[in-house]
Amino acid sequence: MIYEFDKSFILSTKNTSYMFRVNPEGVLEHLHYGGLTSACEEVSKDTFRACSEKVSHMKGNTIAYTKGSLTQPEDQMLEVSSLGKGDYREPLIELEYEDGSRTSDFVYDSHELFKSIKGMNTLPFAYADDADENIVLKVTLKEKNKGVYLDLYYTVFEDCNVITKRTVVRNASEEKVTIYRALSMMLDLDEKGFTVTTFGGSWAREMSKTDTPLSHGTFVNSTNCGVSSSRNNPFVMLSRPDTSEAYGEVYGFNLIYSGNHYEAACVSAFDKTRFVTGINPEGFKWTLEKGEEFETPEAVLSFTKNGFSALSKNMHDFVREHIVKGTYKYKTRPILLNSWEAAYFKINESKLLSLAKKGKEAGIELFVMDDGWFKGRNDDTSSLGDWVVDTKKLPQGVEHLAKKVHELGMDFGIWVEPEMINEDSDLYRAHPEYAMAIPGRENSLGRNQMILDLTNEEVINYVIDSMRKVFSIEGVNYVKWDMNRTFSDIYSKVLDKERQAETLHRYYIGLYRVLGTLMKEFPHILFEGCASGGNRFDLGMLSYFPQIWGSDDTDAHQRCEIQTGYSYGYPLSTVGAHVSACPNHQTLRNTPIETRFNVAAFGVLGYELNLCELSKEDFDKVTSQVASYKEWRDVFFSGDFYRTGDRQWTVVSKDKKRAVSMVWEDLCKPNSFYKKLRTTGLDDETTYHIYNVSLKHNLMQFGSLVNMVAPIHVKQDSILHKTIARFVKMDGETEDYILKGETLNNAGIKLAQAFGGTGFDGETRLFQDFASRMYFIEAID
């Protein structure tokens, strides 16, 4: 809901209010973003007056906005800031005019209210159904001395407690304007003392959470590698130092964009905090000719007084309802089996069909043929761009393989990397100009490949046409869209030298056009994004792909940290997660197959290992896992997620009738027996049945300790030891309770004593390194 009182505005969601006004000098003064404020007309005048900062004198050596004015931009909370008028904090906008000046002075011109979303021409944006009340505010500012306008768009997503902001720069003057910075959003807060939380890392170590106290100066979270990046994800939080999962004030920010981004939090000389986000100004410059406009990506803001879990719920609901779209927005996602770690490039029809048959036997629903299926693709040095089947591997083509997979009762999926080109490819030999490279210079490669220049109309059409042919193959139900390198040598041969700094942004305009075209033509296909794992995990890509591969690292231990990081800003239904072989191919770590499943289930579940080579015991476990996931898939897919303690996750169905909790171990600590399971989000008054699936432990896990109970001596790892282990299993603990939700939420369950070297029986919790347990919760009244 948006309220307007004499050029003063309150944008209210279910639990938050965003306030600003036009001051007497035409400047947009920011007043408040946080908990709800009153919007009733009888108190509105006093509400705005109370929230406006009182200024009666100049403050030392600050700059007065105009002659005789007490407005001092350096210490004023603003909606827009630019260079040259005395505000030395991070600006929203930086323009250069034909006379060389960079001072801008934007003041109020007009505003409009709308009951429907105002879409964008070149970029993805959050969407919603038309409303009965105003949900969009457009405020237009005019530069005092130039014919340049800023349109500020504010959109309210009431139920999600989210507000989005974006900026459009319009040149209505007779002269050229150069944009050096055009950020999406600026938020001024009237206090300092916040903690900045960012999520970074690298390939195979995505989304590591880092907290940085901000007391003075500027903190920056950004990427300049051409993608939203595993190095620094665009999702950022600002919180009070005492904020926890359940209590405390926290702001969350994200950006609907996939390229270079920039987030900065700065504390001024007057102890006010400013946060900005948008396209990274580094290396960016955009020429705006007469009559042209430039639109920034849409920024996402949310606030709560109820801690990190409540913020995550806001963000999860927003992404599921207003970012993800298409057939698979609500549709059940199939459990898949991917060929990559089972076979890598060494694939053929026989091997793939054997793997698919085994997947079908386990109950898996979708078989995916990963990299290596097209002509000459035997390693990563060749053939990208040549999307023609390798008949040596698939003599009867992809269609025949897909038909055989369908005959098994499974869907079929295929891997592509459409944005890339190898030098050793027919496409490069025919069209070297398609590759992004600087003429006359040696090109730097990533994974032996170059990037196609999607600023080039001919290249855009080639990608659309070549993918149209692949996706039109009969039987293709799923596509994994990969992108395995970052950007270097950024240059477009179709742009003038004055516009080379526009290349990267124009690339994403081209990519979004490609994706929009193909998604519209193939609505039945489930698309999953990938970029060396999570190197392009962002709201821009989620606007086209309902799920993204979270990391190439499938190690369950590392995935706990990675998926915990994602959970702060992204719902489980967007994160691809697979059970893989051990030793793990990225870390050589061994983790129990139960833990590999338990972690992957808190995502979009898949398997990525050679099922044909599993022991009968492990294959039976996979079969049970698949059946269990199908029974609880709706809870994982659409439930509310909570980080419920040290190494604990819980997801609760929207109606609060079903839930799943998981606890896991890092490194086992000697003589440490105690662990408590505690939930969040259950209905206090409802009675629940909570239980685990009791495990059968392999005797081999106990090593030579078997001799403590064996009537004869058993040599560890001997044939006798292995033979006994085939027939004798050790019963695991059973947890089974009938409890009220308030008991589970407030007191929890003290779990069975862990093994500590002092004894074992059927009520001992064997909780070795990287062990885990899953607990199922069902309402019974």
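Preceding this section is the structure that the text describes.
Points about the packing of helix H10 (residues 556-567) against helix H11 (residues 593-601)
For the pair H10 and H11, the least separation of the axes is 9 Å and the interaxial angle reads 20°. Taken together, the axes of H10 and H11 lie roughly parallel to each other. Between H10 and H11 lies a crossing whose hand is left-handed. On H11, the residues touching Ala556, Arg559, Cys560 and Gln563 of H10 are Thr595, Arg596 and Val599. Its residues assigned to classes, the contact of H10 with H11 shows 3 nonpolar, 2 polar and 2 charged.

Some thoughts on the sheet that holds strand S1 (residues 2-4)
Pairing is antiparallel in the open sheet, where 4 strands are placed in the order S1-S2-S3-S4. Each edge of the open sheet is held by one strand with a lone partner, namely S1 and strand S4 (28-35). This sheet shows a mean twist of 15° between the axes of neighbouring strands, independent of strand direction. In terms of strand pairing, S1 meets strand S2 (residues 8-12) through 3 bridges, oriented antiparallel. Bridge pairing in S2 places Tyr3 opposite Ile10.

Some words on the sheet that holds strand S28 (residues 547-549)
Pairing is parallel in the closed barrel, where 8 strands are placed in the order S21-S22-S23-S26-S27-S28-S29-S30. Strand-to-strand twist of the sheet, defined as the mean angle between neighbouring strand axes without regard to direction, takes the value 30°. Along the sheet, helix H5 (residues 397-407) contacts strand S22 (366-369), strand S23 (411-416) and strand S26 (476-481); its crossing angle with S23, the most-contacted strand, is approximately 145°. Each of strand S29 (575-580) and strand S30 (604-608) touches H11; the most contacted strand, S29, lies at about 170° to it.

Focus: a nonpolar patch on the surface
Among the surface-exposed residues, Val55, Met58 and Leu70 lie close enough to one another that they form a single nonpolar patch of about 210 Å² accessible area. As for its position among the elements, Met58 is in the loop between helix H1 (41-51) and strand S5 (93-96).

Quick word on the nonpolar core
With 193 residues, the main nonpolar core has Leu11, Met369, Trp373, Phe412, Phe471, Phe602 and Tyr607 as its most contacted residues. Not counting chain neighbours up to four residues away, the residues in contact with Tyr607 comprise Ile335, Leu336, Leu337, Asn338, Ile364, His578, Val579, Phe597, Val622, Gln625 and Val626. Counting residues in each nonpolar core, the second largest holds 17 residues, with Tyr642, Ile690, Ala754 and Ile777 among its members.

A short note on the environment of Cys51
Among the secondary structure elements, Cys51 is positioned in helix H1. Linking Cys51 and Met19, residues 32 residues apart in sequence, is a C-alpha distance of 8.7 Å. The residues contacting Cys51, other than those within four sequence positions of it, are Met19 and Leu31.

Notes on the pairing of strand S3 (residues 16-22)
S3 sits mainly inside the fold: 6 of its 7 residues count as buried. Here S2 runs beside S3; their pairing, made up of 5 bridges, is antiparallel. Bridged to Ile10 within S3 is Met19. Connecting S2 to the antiparallel partner S3 that follows it, the hairpin turn spans 3 residues. Sheet analysis places S3 next to S4, joined by 7 bridges and oriented antiparallel. For Arg21, the partnering residue across the bridge sits in S4 and is Glu29. Count of turn residues in the S3/S4 antiparallel hairpin: 5 residues, of which Gly26 carries a positive phi of about 85°.

Quick word on H11
Each full turn of the α-helix corresponds to 3.6 residues, which orients residues three or four apart in the same direction. Counting buried positions along H11 yields 8 of 9 residues, so the element is predominantly enclosed. Among the residues making up H11, those that are buried are Ile593, Thr595, Arg596, Phe597, Asn598, Val599, Ala600 and Ala601.

A few points about unusual backbone geometry
Geometrically, the link from Cys582 to Pro583 is a cis peptide bond, its omega value of 0° lying close to zero. Here Pro583 lies in the loop between S29 and H11. If you check the backbone angles, Lys7 has positive phi at about 65° while not being a glycine. Structurally, Lys7 is set in the loop between S1 and S2. Of the residues examined, Lys7 reaches a relative accessible area of 36% and is grouped as partly exposed.

Quick look at the pattern of salt bridges
Under the criterion given, the structure shown has 58 salt bridges. The partner of Asp188 in a salt bridge is Arg274, and the shortest N-O contact between them spans 2.6 Å. Here the residue Asp188 occupies a position in strand S10 (residues 177-189), and Arg274 occupies one in strand S17 (residues 273-279), the gap between them amounting to 86 residues. The two residues Asp188 and Arg274 agree in class, both being buried. Among the salt bridges present, the one from Arg633 reaches Glu365, with a minimum N-O distance of 2.8 Å.

Remarks on helix H4 (residues 349-362)
Compared with an ideal rise of 1.5 Å per residue, which puts 14 residues at 20 Å, H4 spans 20 Å between its outermost C-alpha atoms and is within 8% of the ideal. Considering only its buried residues, H4 is in contact with strand S21 (336-338), helix H3 (340-343), S22, H5 and helix H12 (616-638). Structurally, the start of H4 carries an N-cap: the backbone nitrogen of Ser350 is 3.1 Å from a side-chain oxygen of Asn348. Where H4 terminates, the next one or two residues include Gly363, which has phi positive at roughly 95°.

Here's the deal with the pairing of S26
Most of S26 is tucked away: 6 of the 6 residues are buried. Bridge count between S23 and S26: 5 bridges; the pairing is parallel. In the sheet register, Trp415 faces S26, and the bridge partner there is Lys480. Bridging between S26 and strand S27 (residues 526-529) involves 4 bridges; their strand directions are parallel. Of the residues in S27, the one forming a bridge with Trp481 is Gly529.

Remarks on the side chain of Arg559
Residue position: Arg559 is located in helix H10. Put simply, Arg559 is tucked away with no salt bridge, and the nearest opposite charge, on Asp553, sits 6.2 Å away.

Some points on the state of the cysteines
Overall, the coordinates contain 0 disulfides when judged by the stated rule. Of all cysteine sulfurs in the structure, the one in Cys530 sits closest to Cys225, which takes part in no disulfide; the separation is 15 Å.

Structural notes on a negative patch on the surface
Residues Asp683, Asp684, Glu685, Glu742 and Asp781 make up a contiguous surface patch of negative charge. In this fold, Glu742 is placed in helix H14 (residues 741-746).

A word on the side chain of Asp75
Position of Asp75 relative to the elements: it lies in the loop between H1 and S5. In this structure Asp75 comes out as buried when scored by relative accessible area, which is 5%. A distance of 2.5 Å separates polar atoms of two side chains, one belonging to Asp75 and the other to Lys59. Side chain to side chain, Asp75 and Lys272 meet in a polar contact 2.7 Å long. Setting aside its immediate chain neighbours within four residues, Asp75 contacts Glu53, Lys59, Arg89, Phe270 and Lys272.

Observations concerning the packing of aromatic side chains
According to the stated counting rule, one finds 52 aromatic pairs in the structure shown. Taking the centre distance of 6.2 Å and the plane angle of 80° together, the rings of Phe308 and Tyr568 count as edge-to-face. Here the residue Phe308 occupies a position in helix H2 (residues 307-322), and Tyr568 occupies one in the loop between H10 and S29, the gap between them amounting to 260 residues. Seen in terms of ring centroids, Phe537 and Tyr570 are 5.0 Å apart; in terms of plane orientation they differ by 75°. Their pairing is edge-to-face. Here Phe537, found in the loop between S27 and helix H9 (539-542), pairs with Tyr570, found in the loop between H10 and S29; they are 33 residues apart in sequence, far enough to count as distant. With respect to burial, Phe537 and Tyr570 carry one shared label: buried. Counting every residue linked through ring pairs, the aromatic cluster contains Phe9, Tyr18, Phe20, Tyr33, Tyr154, Phe194, Tyr251, Phe253, Phe275 and Phe303. Over the ring of Tyr180 we find Arg102, and its NZ or CZ is 3.8 Å from the ring centre.

Conventions used here
Residues numbered from 1 in each chain as written. Predicted model: local features only at pLDDT ≥ 70, side-chain atom pairs only at ≥ 80, totals over all residues. Heavy atoms only, no water. Axes fitted to C-alpha atoms, helices over the stretch in contact; angles between N-to-C directions. Helix = DSSP H or I, 4+ residues; strand = E, 2+ residues; numbered from the N terminus. Parallel < 35°, antiparallel > 145°, perpendicular 65-115°, else oblique. Left-handed = near helix turned anticlockwise from the far one by under 90°. Contact = heavy atoms within 4.5 Å. Nonpolar A, V, L, I, M, F, W, Y, C, P; charged D, E, K, R; others polar. Pairing = 2+ DSSP bridges. Patch = residues over 30% accessible without salt bridge, like charges linked within 9 Å, V, L, I, M, F, W, Y side chains within 5 Å. Areas by Shrake-Rupley, 256 points an atom, 1.4 Å probe, with all protein chains shown as cover. Salt bridge = Lys/Arg side-chain N within 4 Å of Asp/Glu carboxyl O. Core = buried A, V, L, I, M, F, W, Y, C linked by side-chain atoms within 4.5 Å. Buried < 20%, exposed > 50% of the residue type's maximum accessible area, 1.4 Å probe, protein only. Expected span 1.5 Å × (residues − 1). Polar contact = N/O pair within 3.5 Å; in protein donor to acceptor, adjacent residues only side chain to side chain. Lys, Arg positive; Asp, Glu negative; His and termini not counted. Disulfide = S-S within 2.5 Å. Charge placed at Lys NZ, Arg CZ, Asp CG, Glu CD. Phe/Tyr/Trp six-rings, centres within 6.5 Å; stacked < 30°, edge-to-face > 60°. Lys NZ or Arg CZ within 6 Å of the ring centre and 35° of its normal.

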